[in-house]
Each structure stands twice: as structure tokens, then as C-alpha cells.
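A closer look at the structure
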Amino acid sequence: MAAKTLYDKLFDSHVVHEENGAALIYIDRHLVHEVTSPQAFEGLRLAGRKPWRADSVVATADHNTPTTGWEKGLEGIADQVSKTQIMTLDSNIKEFGAKAYFPFMDKGQGIVHVVGPEQGATLPGMTVVCGDSHTSTHGAFGALAHGIGTSEVEHVLATQCLVQKKSKAMLIQVDGQLGHGVSAKDVALAIIAKIGTAGGTGYAIEFAGSAIRGLSMEGRMTLCNMAIEAGARAGMVSVDQTTIDYLQDKPYAPKGALWDQAVSYWRTLVSDAGAHFDQVVSLHADDIAPQVTWGTSPEMVVPVSGKVPNPAQEQDATKKSGMLRALEYMGLQADTPIQDIAIDKVFIGSCTNSRIEDLRAAAKVAQGKKIASNIKLALVVPGSGLVKAQAEAEGLDKIFTAAGFEWRQPGCSMCLAMNADRLEPGERCASTSNRNFEGRQGQGGRTHLVSPEMAAAAAIAGHFVDIRNI
Amino acid sequence: MQAFTTLTGLAVPLDRANVDTDAIIPKQFLKSIKRSGFGPNAFDEWRYLDHGEPGMDNSKRPINPDFVLNLPRYQGASILLARENFGCGSSREHAPWALEDYGFRAIIAPSFADIFFNNCFKNGMLPIVLKEQEVDLLFQQVQAQEGYQLTVDLSAQTVTTPTGESFSFSVDAFRKHCLLNGLDDIGLTMQHQDKIRAFEDQHRQAQPWLFN
Ligand code: SF4
């Protein structure tokens, strides 16, 4: 039999039907949140349809939930439109059913891409979809996971299937040893710097190589999370012992004999030697420095030791005008050393970097220090209630609050600023999230994407610093 | 879904690469539980000078006179001319909903982000990929000539300029069929119910833990 990539194995094993070059693929896990689902449930209702398999659905509220005021319950949600959306998810799940539901303020609630894996609701070999582009995160488990639009949410609810065309396969091979202070986030940004935000368009990316094998599941999730920022709908990592160890004893992971049966299947979820990739990109882990974005697209990124680039040196006219626009929006001068850029706010959170390992890394930097006087707000927003509880059990919350950070309730928060956590016009933020688009963290807000340790170090110094020197 | 066959309409040039879905429809409008009414807030942060929130009377807001969609000559445009990687970022279908509600039926660009591209088809809107030089040419022509209209013919897979110059584009057969006939995807998939059931049974046998 021909050698197959992990992507081939995942895709081919879910094809229900093929016609005109499009395949109907079966979906094993459907993650649902409050923002992209109401219109889908409404569509089902109008058409008199029922979910095909409600027990494939795992739902939580995250995008639009407040991170303060929980003591007042639902009444604490000042924004009535947000409250309606959160309550609409409640009523839809009640009406249509789900395998698991972590409503607003539940101890299991959190960002959907943090919740799925930590509950063991994301498993190797699954097809996973969610009405959210960062669904690529779940590919870290050797799953085929990608974001879908609301019409497709309705389609999956109604039919358990999705119409898909097979993507091309890209292998991103990262070998070597990551240096001190260099994290999965830096690897993700370095990859985007290399291939661009459209580099992965039309591809499913597999991340491989010794540096990837060396990452924890948290790190692999950070990397796969950012596959979409490289233009790829799906990112993935082959299954190994790290994957299996992470899943053991997770609430929704199989148990007993089923576990053994599952593990023996999961171990086959690796790309075969000699499998064909349409494109191969290689990076050396040793060359990767901590990264800081300077512009309004994740590809506008440089090492922390670098400078804001100069558009005068760009030949391509479209790129050059994009750079000029970005510099103006970001309020930056060309050739400014990155470490001279002072910041106003710090955000540690999002589905990219809000897991326990991220919080530990940031806390280690913040321990015994104080945030700089120019920092107006430094937020730590754990990815889920479980992450929050774990962090509190380890005393991380105390470290953060002693240093002057605010310790908040879980949710998406200032990653997209749908709730009250946001930047004001002109404010500059060191953020561990994934998008630095114009207005992403609040209209006129200026976002610099960094790793958790870099964000914590910037909070302490008041400007970007090279974590490798600390 | 509304069918798409041919369209002749005014084109508007949005000369920026990597236009993301946050720019197409800012997050505060995603709080809505409806799928209509997003048009007045398409490109909100570029289109208006103040900060927009759901529920505002958009007709009373100060508009940005420099933003291309606001120029009098482009009022009533139904074809959006864009640059590479249009629609990157989030999966929010509110982006195509907003563009469609604004009045766009076709978007022409050298490349699109995957999820956005896909979402367009679900809403009777046609995303068209032309070669970079072709898009460049259209940009030049639309900027040079007021009232510049393009004709899009889905069944012939062509975009035709006012002088009769024609560019062809490719489109997936299944999507073309659905769009030409305004077919509901769910209805089509339901025709394969038996296959889905059969697959599901065999999948359950092979990986019972998925159904636990
Ligand atoms: S944390 Fe940010 S990127 Fe992740 S799901 Fe929430 S809004 Fe999307």
C-alpha cells in the first residue's frame, strides 16, 4: 500500500461519499460556542430538523462572557445583547441536546479550544469541527480539525457530515533544540514569518521534527492553533507517547479495555515513511529567537533583538503600502529597536496561550517582581475553569496579583475584545493571543503578539525585553 | 439560498492586501443572534469616523469621506475588487453576511482565505480568483473610469469588462451547481442519509470509543 501522510489517513478514513471531486466527510466531534451557533440552531428549527447525533456536540460559552462580576451571576453581564446570546446557547442546548455542556460560570467552562482537549473530548483520529477558525488547535492530537462557518455548523448538526475537498499536504519540519526562553509561540511566529499568512492557504499542515516531538501537548496546541494564521485550515502533529500520556484519565477519554483498543489504533496515526507532501518547509529550532510582531498581520514579525522594518527597503508595491499603513496604525517609526517600544497593557490569555503551562511560564518571570509604572492594566485570563483551579492550587494567582496583574475568570476576553476587556484607541499591548489585526483588541488598539514569558517580562519592564537575557 | 447566474454591476476597488474578517465586520456586531442586518456595519471601522456599536442609528453616524466605499461614484456597487488573501482571519460567517447585506454578489481577488471563500458560496455570493495581473488591470480600469461595470457569468465562468475583454476563472463543479440552482446543501447531503448511516455503523464498530 502506498505510504500515507497523517492527513491522508485522517481524511480517507472519514469519507462517506465522493462526487465531483468533493467528499462528504463524517464528523466525530462538534464543538459549539455562543457566537457562531445561534443562527445555525435557528436554521434547524425553521426547517424542522433535529441534530443527527447530539452526543457529538460539546458546548461552552467563551467568546462573549465577562471575566469579572461572576458573583452577580447572569445579572452581572451588563451588556444585554451579550447576555441574550449566552442565554440563547443555554436554551438551544436544552432543546437540541449535547454530550457535554459547560455553561457560563460552570467550573468546566472556558475557551472551547482549551476545554475540548482538557476534557478528553478531543481524541486522536477524530474529525473535529467548530464554528471558529482556531479549531486547528485540536490537530495537536493527531486529529483532523478545522474551523467552519455558521452554515456549516448547521450542516454538521443536521447531517453529521461536511462537504470537503481534500487539501494539499504541507510538512513543516522543525529540527534541533529550542533555546532558553524560546517557546512554541515563537516557533509558530517564526514559521509565519517564513511562509507568510497566506503560505498555508489550501494546505493541511503537519508539524514534525525533533523540536516538535520535544514539545508538550500544550506547546503543540499553541503551534497548531496558529496554523490558521499561516493560512492553513488545519494543522496537525502525529501521535506519540506524549499525546497518549496527556489523554490518560481525562474525563471523556475512553477507559479500561476501550482505552487499550483506542491506544493501539492511535499509534498508527503517524505519517508513513516516504509519504508524499506537496510542499516541505524546514526550520532549525536553534535559529529561532523570541518573536514580537510589529504590524497588523502575524507575518509582520521580527526577533526581539531586531528592529521595526523599513518600508523603503521593500520592493513589492502592495507589500510596501501595507507596511506603511501598518506603521501608521501601530504608531511606530521604521528602524526602531523592538526593545525600545513601550507598552500600555498586557494580556496573557487566549486559546493560543492560556493553558497551565503558559501560566506557569509567565508566573516564573513575574515571581517576586512588580509590573512597571507605565502599565495601565496587565490581565491574566486562564483558558478555562479547570486551568484556573489548577493555577490557584499551585499559587500562581498569588504570584500574579502580588506583581500587580489582575487575575480574571476564564474566557476569550481581550483576544477579541467582545466583552468589556479591550484596548482603548492608541493603546499598545503585549498580547499572547494570535491576531494583531487592526481593531482586533479594541478599535484603534495596537497589538504585539508574543509568548507568555515575553508578555510577562514586558509587563515588568514596561517595554519589550529579550527574555533570553533574564 | 439565492441562485447566482449572471451579474452585471458596478465594481468598487478595495486596494489593500490581507483584508481580514475583523475588518469586514468588527466583533461587537457578532453579538447578534440573527443572520441579517449586518450590511450597514460592513467595514465599520473604515467606513465611519466614530466607534460603532450594535443598535446605533447608522444613518446618523459620521462617515469617513476618504474610504472607497463611501465615494459617491461607487454607490450601489455589487462587485468588490480586492487584493490577495481577502477574508483572512476568523471563520465568522457574519463577514459574508455583511458583504451580501451591503449589496455585494461577487468578489474578485487574486486569492482568498479558505474558510471565507467557502462561506461565500453558502450565501449565494461568488468569490472569483483571477490572476494577479488580471486583477491589477481591473484595478487600473475601475479607478480610471467612473461607472465601470463588470459582467460575471457563472455558467460560462467569465468576467467581462466594458470593452468586452473577458477573463475566465475556475470554480468547483459541485459549488457551481449549487450556486446556479440556489440549492440548499443540507437537502443535498440528506439524499445520502443511507450512506451516512452505513458509514456510521461501520465507524462505530471500528472505533467504539467515539460513540461512548
Ligand atoms: S481565544 Fe481568541 S482566538 Fe481563541 S477562540 Fe477565543 S476569540 Fe477565538
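Residues numbered from 1 in each chain as written. Chains lettered and ligands numbered in written order. Predicted model: local features only at pLDDT ≥ 70, side-chain atom pairs only at ≥ 80, totals over all residues. Heavy atoms only, no water.

Focus on the overall build of chain B
When helices and strands are counted, chain B shows 8 helices and 7 strands. Every one of the 212 residues in chain B was classed for burial, and the buried ones make up 58%. Sequence separation of 24 or more characterises 64% of the internal contacts of chain B that already satisfy a separation of 6 or more. Total accessible area computed for chain B in this model is approximately 8,300 Å², and 48% of it derives from carbon and sulfur atoms. For chain B, the centre of its 19 positive side-chain charges and the centre of its 26 negative side-chain charges are spaced 4 Å apart. (Helix = DSSP H or I, 4+ residues; strand = E, 2+ residues; numbered from the N terminus. Buried < 20%, exposed > 50% of the residue type's maximum accessible area, 1.4 Å probe, protein only. Contact = heavy atoms within 4.5 Å. Areas by Shrake-Rupley, 256 points an atom, 1.4 Å probe, with all protein chains shown as cover. Lys, Arg positive; Asp, Glu negative; His and termini not counted. Charge placed at Lys NZ, Arg CZ, Asp CG, Glu CD.)

A few points about the sheet that holds strand S6 (residues 127–130) of chain A
In a beta sheet, neighbouring strands are held together by backbone hydrogen bonds and run either parallel or antiparallel to one another. Residue and element names in this part refer to chain A. Strand order in the open sheet formed by 5 strands is S5-S4-S3-S6-S7, with parallel pairing between adjacent strands. The open sheet has two edge strands, strand S5 (100–102) and strand S7 (144–147), and neither has a second partner. Strand-to-strand twist of the sheet, defined as the mean angle between neighbouring strand axes without regard to direction, takes the value 15°. Examined bridge by bridge, strand S3 (residues 29–32) and S6 share 3 bridges and lie parallel to one another. Bridging from a neighbouring strand, Arg29 pairs with Val128 of S6. Against the sheet, helix H3 (residues 80–96) makes contact with S3, strand S4 (57–60) and S5, and its axis sits at roughly 165° relative to S5, the strand it touches most. (Pairing = 2+ DSSP bridges. Axes fitted to C-alpha atoms, helices over the stretch in contact; angles between N-to-C directions.)

Overview of the packing of aromatic side chains
Overall, the coordinates contain 20 aromatic pairs over all chains when judged by the stated rule. Their ring planes at 85° and their centres at 5.6 Å tell us that A:Trp259 and A:Trp266 sit as a pair that is edge-to-face. Taken as a pair, A:Trp259 and A:Trp266 share a single burial class, namely buried. Measuring from ring centre to ring centre gives 6.0 Å for A:Phe400 and A:Trp407, while their planes differ by 15°; the resulting arrangement is stacked. With respect to class, A:Phe400 is no different from A:Trp407; both count as buried. Through successive ring pairs, a cluster of aromatic residues spans B:Phe86, B:Phe112, B:Phe116, B:Phe117 and B:Phe121. Positioned over the ring face of B:Phe139 is B:Arg83, at 3.8 Å from the centre of the ring. (Phe/Tyr/Trp six-rings, centres within 6.5 Å; stacked < 30°, edge-to-face > 60°. Lys NZ or Arg CZ within 6 Å of the ring centre and 35° of its normal.)

Topic: helix H6 (residues 184–195) of chain A
All names here are of chain A. Between its first and last C-alpha, H6 extends 17 Å over 12 residues, near the 16 Å set by a 1.5 Å rise per residue. Within H6, 10 of the 12 residues are buried, which leaves it mostly tucked inside the rest of the structure. If you check which residues of H6 are buried, you get Ala184, Lys185, Asp186, Val187, Ala188, Leu189, Ala190, Ile191, Ile192 and Ile195. The first or second residue beyond H6 is Gly196, which carries a positive phi of 85°. (Expected span 1.5 Å × (residues − 1).)

Topic: the environment of A:Gly368
All names here are of chain A. Mapped onto the fold, Gly368 is located in the loop between helix H12 (356–366) and strand S16 (377–380). Taking the relative accessible area as the measure of exposure, Gly368 reaches 80% and is therefore exposed. Remark: the alpha-carbon pair of Gly368 and Ala403, spanning 35 residues in sequence, is separated by 6.8 Å.

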